[in-house]
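# Structural overview for review
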Amino acid sequence: MRKPKMPPGSADDTEHAFYDALQHGDLERLMACWADDEDIVCVHPGGPRLVGPAAIRAAFEALFSNGSVKAQPERVRRQDAGGCSVHSVVERVEVLSDDGLAHAWVVATNVYAKTAQGWRLVAHHASPGSRTEPDDALSVPTVLH
């Protein structure tokens, strides 16, 4: 099956499309965000390393069988180097608990590469979720100038 086309855009545009597809449970649009490469990698919270489009597709298909994933990236930190863009994000994920709608927090890294088809996801690695929003540990210079 052919992937839906995405506009060339930026790594940010691909990230937006990825999370939008997650929120709508749209497997075809989600897979269109990934590069056409057998070495792409995805790690879901607490899960194994998934390598290649078939493994990644199967995992998201199973995930979407329970409905969409209401995950929103926040506090994005970007490192751009030519044809590669690395985004460290804190995902705010809606979860249904015994007490109703709640939020979980997941720290994730998304790596994008500029391909002939535009910016595509080549790696997504997500930490296990937490009930509390994680703090950033910032380095503070020891010497003031």
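Treat the numbers as computed from the prediction; the structure is a model and nothing was measured.

### Comments concerning the overall build of the protein chain
If you tally the helices and strands in the protein chain, you get 3 helices and 6 strands. Reading the secondary structure of the protein chain in the N-to-C direction produces α-α-β-β-α-β-β-β-β. For the protein chain, the residues scored as buried account for 33% of the 145 residues in total. Counted over contacts in the protein chain with a minimum sequence separation of 6, partners at least 24 positions apart contribute 51%.

### Examining helix 3 (residues 53-64)
The end-to-end C-alpha separation of helix 3 is 16 Å, in line with the 16 Å expected for 12 residues at 1.5 Å each. What helix 3 keeps buried is the set Ile56, Ala59, Phe60 and Phe64. In a view along the axis of helix 3, the buried residues occupy a sector of 130 degrees, so they form one face of it. Those residues of helix 3 that are buried lie in contact with helix 1 (11-24), helix 2 (27-32), strand 1 (41-43) and strand 2 (49-51).

### Observations regarding helix 1
Note on helix geometry: an α-helix contains 3.6 residues per turn, so any two residues three or four positions apart are oriented the same way. A rise of 1.5 Å per residue sets the reference length of helix 1, with its 14 residues, at 20 Å; its end C-alpha atoms lie 20 Å apart and thus fit the reference within 8%. Positive phi appears at Gly25, one or two residues downstream of helix 1, with a value of about 60 degrees.

### With respect to the pairing of strand 6 (residues 118-126)
Sheet topology places strand 1 next to strand 6; 3 bridges connect them, and they run parallel. Counted as the bridge partner of Cys42 is His124 from strand 6. In this structure, the hairpin formed by strand 5 (residues 100-115) and strand 6 is closed by a connection of 2 residues.

### Overview of the layout of surface pockets
Where empty space is left in the structure can be found by rolling a water-sized probe over the atoms. Reported here for the largest pocket is a volume of approximately 270 Å³. The wall of the largest pocket is formed by 16 residues, among which Pro45, Val69, Glu91, Val93 and Val106 lie closest to the centre. Of all the elements in the fold, those that place two or more residues in the lining of the largest pocket are helix 1, helix 3, strand 4 (84-97), strand 5 and strand 6. Considering only residue class, the lining of the largest pocket consists of 12 nonpolar, 3 polar and 1 charged.

### What to know about the packing of aromatic side chains
The tally for this structure, following the rule as stated, stands at 4 aromatic pairs. Ring geometry for Phe18 versus Phe60: centroids 6.3 Å apart, planes at 90 degrees, classification edge-to-face. A residue pair is termed long-range when its members are at least 10 positions apart, and Phe18 in helix 1 and Phe60 in helix 3 qualify at 42 residues. Residue classification places Phe18 among the buried residues on the basis of a relative accessible area of 0%. The class for Phe60 is buried, based on a relative accessible area of 2%. With a centroid separation of 6.2 Å and 45 degrees between ring planes, the pair formed by Phe60 and Phe64 is classed as tilted. Note that Phe60 and Phe64 are positioned in helix 3 at a spacing of 4 residues, about one turn of the helix. Each member of the aromatic cluster is reached from another via a ring pair, and the members are Phe18, Tyr19, Trp34, Phe60 and Phe64.

Rules used throughout
Residues numbered from 1 in each chain as written. Predicted model: local features only at pLDDT ≥ 70, side-chain atom pairs only at ≥ 80, totals over all residues. Heavy atoms only, no water. Helix = DSSP H or I, 4+ residues; strand = E, 2+ residues; numbered from the N terminus. Buried < 20%, exposed > 50% of the residue type's maximum accessible area, 1.4 Å probe, protein only. Contact = heavy atoms within 4.5 Å. Expected span 1.5 Å × (residues − 1). Arc of directions from axis to C-beta. Pairing = 2+ DSSP bridges. 1 Å grid on protein atoms, 1.4 Å probe; cavity = no way out; pocket = protein on both sides within 12 Å on 5 of 7 lines; lining within 4 Å. Points joined across faces, edges and corners; volume = space filled by probe spheres on them. Nonpolar A, V, L, I, M, F, W, Y, C, P; charged D, E, K, R; others polar. Phe/Tyr/Trp six-rings, centres within 6.5 Å; stacked < 30°, edge-to-face > 60°.

In short, geometric facts, not functional conclusions.
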